[in-house]
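Structural overview for review
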Amino acid sequence: MSQLRVAFVAQRALARDGWGRYTVELVRSVMQEGITPVLVTQEPGVEPDLAGVEHHAVLPPIFDGRFSTVRSLRGRLRLAPILSGCDLVHNLVEPYLPLVASSCRPALPLVQTAHGTWAVRPFEGRLSRLLFRPSLACVSLLVCQSR
């Protein structure tokens, strides 16, 4: 039987902020369970103990001015082939959800983690709601880290 391959989509795999720390700790935990992680990030660096993990630094910047979420959708051509080789996708950074949801093949399980104010921020603007509502409909499991 082949190992479960899980894509972890995050801004970085360096434990220097909340999203990065969460990513690193989660990837370390699943490796201990025999799961094969596939890191997909914006930044190329990883923590030293994750150096042997398959890693693709292909994501566009998420804080790149107005309409960065819309512009990020251009990354589907790079992201979709990576995700197609996985059994499950876990998006760890909310602003990437429209890109990730549009890059997943049908029936590929998608997990979304919601962190604090980032859980609601995508619904503050009209354009943002238009992108995030259908993306959330693709989510198989929503994990909330706070109230």
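Before reading on, note that the structure itself is shown above.
First, a word on what this report is: a plain description of the structure on this page. Please read these numbers as outputs of a predicted model, since none were measured by experiment.

Counting its regular elements, the chain contains 5 helices and 6 strands. Each helix (α) and strand (β) of the chain, taken in turn from the N terminus, gives the series β-α-β-β-α-α-β-α-β-α-β. For the chain, the C-alpha radius of gyration of 14 Å lies close to 15 Å, the compact-globule estimate for 147 residues. In the chain, which comprises 147 residues, the proportion classed as buried is 44%. Restricting to contacts in the chain with at least 6 residues of sequence separation, those with at least 24 account for 58%. Accessible surface for the chain amounts to roughly 7,800 Å². Of this, 57% is attributable to carbon and sulfur atoms. Charged side chains in the chain number 16 positive and 11 negative. The centres of these two groups are separated by 12 Å.

All right, on to the environment of R76 then. Summarising the element assignment, R76 is placed in helix α3 (residues 76-84). By relative accessible area, R76 is classed as partly exposed at 38%. The spacing of R76 and S140 is 64 residues in sequence and 20 Å in space, taken between C-alpha atoms. Ignoring any residue separated from it by four or fewer positions in sequence, one finds R76 in contact with P81, L99, S102 and S103.

A few words now on the nonpolar core. Within the largest apolar cluster, 38 residues are counted, with the highest numbers of intra-cluster contacts made by F8, V9, L83, V89, Y96 and V100. Of all the secondary structure elements, the ones that give two or more residues to this core are β1 (5-10), α1 (18-32), β2 (36-41), α3, α4 (97-103) and α5 (126-137). Considering each element in turn, this core owes the most residues, 6 residues, to α1. Every residue in contact with F8, bar those within four places of it in the chain, is listed here: L26, V27, V30, P37, V38, L39, V40, H90 and L92.

Rules and cut-offs
- Residues numbered from 1 in each chain as written.
- Predicted model: local features only at pLDDT ≥ 70, side-chain atom pairs only at ≥ 80, totals over all residues.
- Heavy atoms only, no water.
- Helix = DSSP H or I, 4+ residues; strand = E, 2+ residues; numbered from the N terminus.
- Rg over C-alpha atoms; globule rule 2.2 N^0.38 Å.
- Buried < 20%, exposed > 50% of the residue type's maximum accessible area, 1.4 Å probe, protein only.
- Contact = heavy atoms within 4.5 Å.
- Areas by Shrake-Rupley, 256 points an atom, 1.4 Å probe, with all protein chains shown as cover.
- Lys, Arg positive; Asp, Glu negative; His and termini not counted.
- Charge placed at Lys NZ, Arg CZ, Asp CG, Glu CD.
- Core = buried A, V, L, I, M, F, W, Y, C linked by side-chain atoms within 4.5 Å.

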